[in-house]
Amino acid sequence: MSQYILRRLLIAIPSLLGISLILFIVLALAPGDPFSELATNPNVPPEVREALRAKFGLDDPIYLRYVHWLVAMVHGDWGFSFVSRMNVDTLILQRLSTTLYVIGSAQLLALMIAIPVGVYAATRPYSIFDQVANTLAFIGFSLPTFFTGILFILIFSVKLDWLPFVYSTDIKATGIHWIGEQIRQTIMPVMVLGLFQAASMTRFVRSAMLDVIRLDYVTTARAKGIGQRRVIIKHVMRNAMIPVVTLIALQVPAVFGGAIVTEQIFRIPGIGSLLISSILANDTPVVMAVTFVFACLVVLFNLIADVLYGWLDPRISLR
């Protein structure tokens with residue numbers, strides 16, 4: 001297994017390098033200048049502007065700027081935010097935990113819904129439960145997150161006044177009351193992302209279970225007198241989860257994309273909202289760092305999926 005993980009890590013490194021190169025070139029060729037605010041500020045002398053551009057290497061060739069950026073990244077220097085006037089790594093670390101908390105909770109909720117519902121629907125195909133689950137799943141992934149987010153705000157915040165619709169980082173309560181308020185303000189964004197992911201996962205789990213449940217070895221296990229519950233859990237679910245793990249890994253970019261929209265709707269101070277504000281302000285170092293962090297997280301989740309392949313089917317790790 002260790003050699004299998006090492007091989008996957010060696011594949012991930014050139015992937016990240018290629019992603020970073022493409023991102024850097026696209027941002028370097030994009031219109032806009034991070035020093036546009038200084039250029040229009042009469043209080044900043046021209047020689048100061050030129051000195052700053054020379055310091056940050058904005059007039060160097062693209063390939064030279066990319067090499068400097070890559071070397072600095074390797075040494076832990078992610079650049080400097082021209083808008084926030086602080087180091088980019090500090091700015092991202094302040095917000096990354098919030099994004100991971102919301103996304104992680106949403107993914108956990110999606111799995112808690114999709115796996116039992118999909119498995120139960122597959123064991124009773126075309127029953128009333130199966131038809132209701134399929135209908136709700138179609139509705140769930142047909143509605144975009146910005147629509148369901150606004151709908152949740154109108155119902156649970158405006159109409160019922162149960163939940164806050166603006167995420168606050170300055171909760172005055174302490175102890176158990178602080179935990180309660182933290183949970184209350186994350187219920188709606190987690191539900192919006194979690195239900196959207198659960199809808200597509202449920203359909204995929206059901207389909208994967210139906211493909212495996214008809215195989216000969218499952219029929220043989222039943223003929224030996226093994227109970228239905230044990231057949232489903234031990235013989236069917238483990239093999240059916242391999243394509244489900246693939247789906248979860250491939251959906252990670254969509255989850256982060258949905259998180260960007262959700263953070264804007266609920267005013268969550270995560271890296272998604274940081275990315276939007278940095279794009280609007282032409283804060284190129286922050287945009288580059290945030291998009292690269294997204295890419296790293298996507299590669300990380302795909303690596304985790306590859307490791308889970310080896311655990312679910314030991315034959316994979318020997319190839």
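The structure this text deals with has already been given above.
Residues numbered from 1 in each chain as written. Predicted model: local features only at pLDDT ≥ 70, side-chain atom pairs only at ≥ 80, totals over all residues. Heavy atoms only, no water.

Caption draft 1: Up close: the overall build of the protein. If you tally the helices and strands in the protein, you get 12 helices and 2 strands. For the protein, the residues scored as buried account for 39% of the 319 residues in total. Of the contacts formed within the protein by residues at least 6 apart in sequence, a portion of 72% connects residues at least 24 apart. As displayed, the protein offers around 17,900 Å² of accessible surface, 69% of which is attributable to carbon and sulfur atoms. (Helix = DSSP H or I, 4+ residues; strand = E, 2+ residues; numbered from the N terminus. Buried < 20%, exposed > 50% of the residue type's maximum accessible area, 1.4 Å probe, protein only. Contact = heavy atoms within 4.5 Å. Areas by Shrake-Rupley, 256 points an atom, 1.4 Å probe, with all protein chains shown as cover.)

Caption draft 2: Expanded view of the side chain of R206. Residue position: R206 is located in helix α8 (residues 176–213). Within polar-contact distance, the side chain of R206 engages the side chain of D130 at 2.7 Å. (Polar contact = N/O pair within 3.5 Å; in protein donor to acceptor, adjacent residues only side chain to side chain.)

Caption draft 3: Inspection of a nonpolar patch on the surface at higher detail. Side chains of F146, F147, I150, L151, L154, I155, V158, L160, W162 and V261 sit close together on the surface and give an oily, nonpolar patch of about 900 Å² of accessible area. Of all the elements, helix α7 (residues 145–159) adds the most residues to the nonpolar patch, at 7 residues. With respect to the helices, strands and loops of the structure, F147 is situated in helix α7. (Patch = residues over 30% accessible without salt bridge, like charges linked within 9 Å, V, L, I, M, F, W, Y side chains within 5 Å. Salt bridge = Lys/Arg side-chain N within 4 Å of Asp/Glu carboxyl O.)

Caption draft 4: Representation of the environment of G118 within the structure. Structurally, G118 is set in helix α5 (residues 88–123). Classification of G118 as buried rests on a relative accessible area of 0%. What G118 contacts, discounting residues up to four positions off in sequence, is T202, V205 and R206.

Caption draft 5: Spotlight on the packing of α7 against α8. It is the contact of α7 with α8, at a shortest axis distance of 10 Å, that shows an interaxial angle of 140°. Considering their axes alone, α7 and α8 lie oblique with respect to each other. The hand of the α7/α8 crossing is right-handed. Residue-level inspection shows T145, T148, G149, F152, I153, F156 and S157 of α7 in contact with α8, the latter providing M188, M191, V192, L193, L195 and F196. Here the contact of α7 with α8 is built from residues that sort into 9 nonpolar, 4 polar and no charged. (Axes fitted to C-alpha atoms, helices over the stretch in contact; angles between N-to-C directions. Parallel < 35°, antiparallel > 145°, perpendicular 65-115°, else oblique. Left-handed = near helix turned anticlockwise from the far one by under 90°. Nonpolar A, V, L, I, M, F, W, Y, C, P; charged D, E, K, R; others polar.)

Caption draft 6: Structural context of the packing of aromatic side chains. Evaluation of the coordinates by the stated rule reveals 8 aromatic pairs. Ring centres 4.7 Å apart and planes at 85° place the aromatic pair Y120 and F129 in the edge-to-face group. Residue classification places F129 among the partly exposed residues on the basis of a relative accessible area of 36%. In this structure, R206 is placed above the aromatic ring of Y126, and the distance from its NZ or CZ to the ring centre is 5.9 Å. (Phe/Tyr/Trp six-rings, centres within 6.5 Å; stacked < 30°, edge-to-face > 60°. Lys NZ or Arg CZ within 6 Å of the ring centre and 35° of its normal.)

Caption draft 7: The arrangement of α5 in detail. With 36 residues, α5 ought to run about 52 Å at 1.5 Å a step, and its terminal C-alpha atoms sit 51 Å apart, in line with that. The largest bend in α5 amounts to roughly 35° and is located at R95. (Expected span 1.5 Å × (residues − 1). Bend = angle between axes of the 7 residues up to and from the residue.)

Caption draft 8: Inspection of the nonpolar core at higher detail. Among the nonpolar cores identified, the biggest contains 34 residues, and I92, F266, I271, V290 and F294 are the most heavily contacted of them. If you tally residues by element for this core, the top one is helix α12 (residues 284–312), at 8 residues. Once residues lying within four places of it in the same chain are set aside, the contact partners of F266 are G149, I153, F165, V166, Y167, M188, P189 and V192. (Core = buried A, V, L, I, M, F, W, Y, C linked by side-chain atoms within 4.5 Å.)

Caption draft 9: Region of the structure containing the side chain of D130. Here D130 shows up in helix α6 (residues 128–142). Not counting the four nearest positions on each side in its chain, D130 is found in contact with A121, R124, P125 and R206.

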